Amino acid sequence: DDDYRLSFLYGNFTTLTRFTEADLERVVTEGLSPLYVSIHATDPDLRARLLRNRRGATSLRWLHALLDAGVVVHGQIVVCPGVNDGAALDDTLLGILDRFPRLATVGVVPLGVSDYSTEPEMRTHTTAESRAVLETVDRWQGIFTSALGRRLVYAADEYFLMAGRAF
């Protein structure tokens, strides 16, 4: 999750929590682009909580540096019901518009929970929660299009709707 090299090579998402100045220099010097960054939340405390890593609170500073250096970056928000949805998702999308408008894309996807999950706070979306996320993303897509002149945020509609159903 923290290896930018896997992000470049295979499209894995990195949190940038272990990213360093030397890593930034290498990415820029070697033209390692595009990269894929897990954002999840722009609120520092919420992001640290979601990542279960105190460095998560400050690691988005590297996203600024990457974008400033001209690196193409695709972002991702994994929506965890009751944690970073609702008002927190609105705040995150506003934070992206305000602080990271040069992102190439931002994918909004539902949390996937397996039978082996040990995180009691993490659960699947209800149908109503899934629809609410899709409505939020749709509303923000209009805001991004108006403000930036292009689409930026995308939701995996079919995955959210499936996440809200029992199989």
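The written sequence of each chain sets the order in which its residues are numbered from 1. Where totals are concerned, whole chains, interfaces and linings use all residues; where local detail is concerned, this predicted model gives features only for residues with pLDDT of at least 70, and gives and counts side-chain atom pairs only at 80 or more. To get the side-chain values, all heavy atoms of the structure are used, and hydrogens and water are removed first.

Draft legend 1. Highlighting a nonpolar patch on the surface. In this analysis, a patch consists of residues with relative accessible area above 30% that form no salt bridge, clustered at 9 Å for like charges and at 5 Å for the nonpolar side chains Val, Leu, Ile, Met, Phe, Trp and Tyr. Computed with a 1.4 Å probe, the accessible areas rest on the Shrake-Rupley method; for each residue, only the protein chains presented here act as cover. Whenever a carboxyl oxygen of Asp or Glu lies within 4 Å of a side-chain nitrogen of Lys or Arg, that contact is scored as a salt bridge. Together, Leu6, Phe8, Leu9 and Tyr10 make up an exposed nonpolar region whose accessible area comes to about 420 Å². Relative to the assigned elements, tyrosine 10 resides in helix 1 (residues 4-10). Helix and strand assignments come from DSSP, with helices taken as H or I runs of at least 4 residues and strands as E runs of at least 2, each series counted from the N terminus.

Draft legend 2. Region of the structure containing the environment of threonine 124. As for its placement among the helices and strands, threonine 124 is situated in the loop between strand 3 (105-110) and helix 6 (127-148). C-alpha separation for the pair threonine 124 and alanine 88, spaced 36 residues apart in sequence, amounts to 17 Å.

Draft legend 3. The nonpolar core, seen in detail. What makes a nonpolar core is a set of buried Ala, Val, Leu, Ile, Met, Phe, Trp, Tyr and Cys residues whose side-chain atoms join them at distances within 4.5 Å. In this scheme, a residue with accessible area under 20% of its type's maximum is buried, one over 50% is exposed, and one in between is partly exposed, where area comes from a 1.4 Å probe on protein chains only. Among the nonpolar cores identified, the biggest contains 33 residues, and Leu63, Leu66, Ile96 and Leu103 are the most heavily contacted of them. Those elements that place two or more of their residues in this core are helix 2 (21-30), strand 1 (35-38), helix 4 (61-68), strand 2 (73-79), helix 5 (87-99), strand 3 and helix 6. With five residues, helix 4 is the single largest residue contributor to this core. In this description, contact between two residues means that some pair of their heavy atoms is separated by no more than 4.5 Å. Residue contacts for leucine 63: discarding those within four places in its chain leaves Leu16, Val37, Ile39, Val73, Phe100 and Leu103. Residues Ala41, Val78, Cys80 and Met122 belong to the second largest nonpolar core, which totals nine residues.

Draft legend 4. Quick look at the sheet that holds strand 2. One open sheet holds the four strands; their spatial order is 1-2-3-4, and the pairing between them is parallel. Each of the sheet's edge strands pairs with one partner strand only, and the pair in question is strand 1 and strand 4 (153-155). The mean angle between the axes of side-by-side strands here comes to 25°, regardless of whether they run parallel or antiparallel. Here, strands pair whenever DSSP counts at least two bridges between them. Pairing analysis gives three bridges linking strand 3 to strand 4, with the strands arranged parallel. Here an angle of 0 to 180 degrees is reported between the N-to-C directions of two axes, which are lines fitted to C-alpha atoms, with helices fitted over the stretch in contact.

Draft legend 5. Layout of the side chain of threonine 136. Summarising the element assignment, threonine 136 is placed in helix 6. Here threonine 136 is in contact with Leu89, Asp90 and Leu93, once residues within four sequence places are set aside.

Draft legend 6. Just the packing of aromatic side chains, in detail. Classification of ring pairs rests on two measures: the distance between centres of Phe, Tyr or Trp rings, Trp counted by its six-membered ring, which must be within 6.5 Å, and the angle between planes, read as stacked under 30 degrees, edge-to-face over 60 and tilted in between. Under the counting rule described, the total for this entry stands at four aromatic pairs. Between phenylalanine 19 and tryptophan 62, the aromatic rings sit 5.4 Å apart at their centres with planes inclined by 65°, giving edge-to-face as the arrangement. On the criterion of sequence distance, the pair formed by phenylalanine 19 in the loop between helix 1 and helix 2 and tryptophan 62 in helix 4 is long-range, its members being 43 residues apart. The class of tryptophan 62 is buried, set by a relative accessible area of 8%. Among the aromatic residues, those joined into a ring-pair cluster are Tyr4, Phe19 and Trp62.

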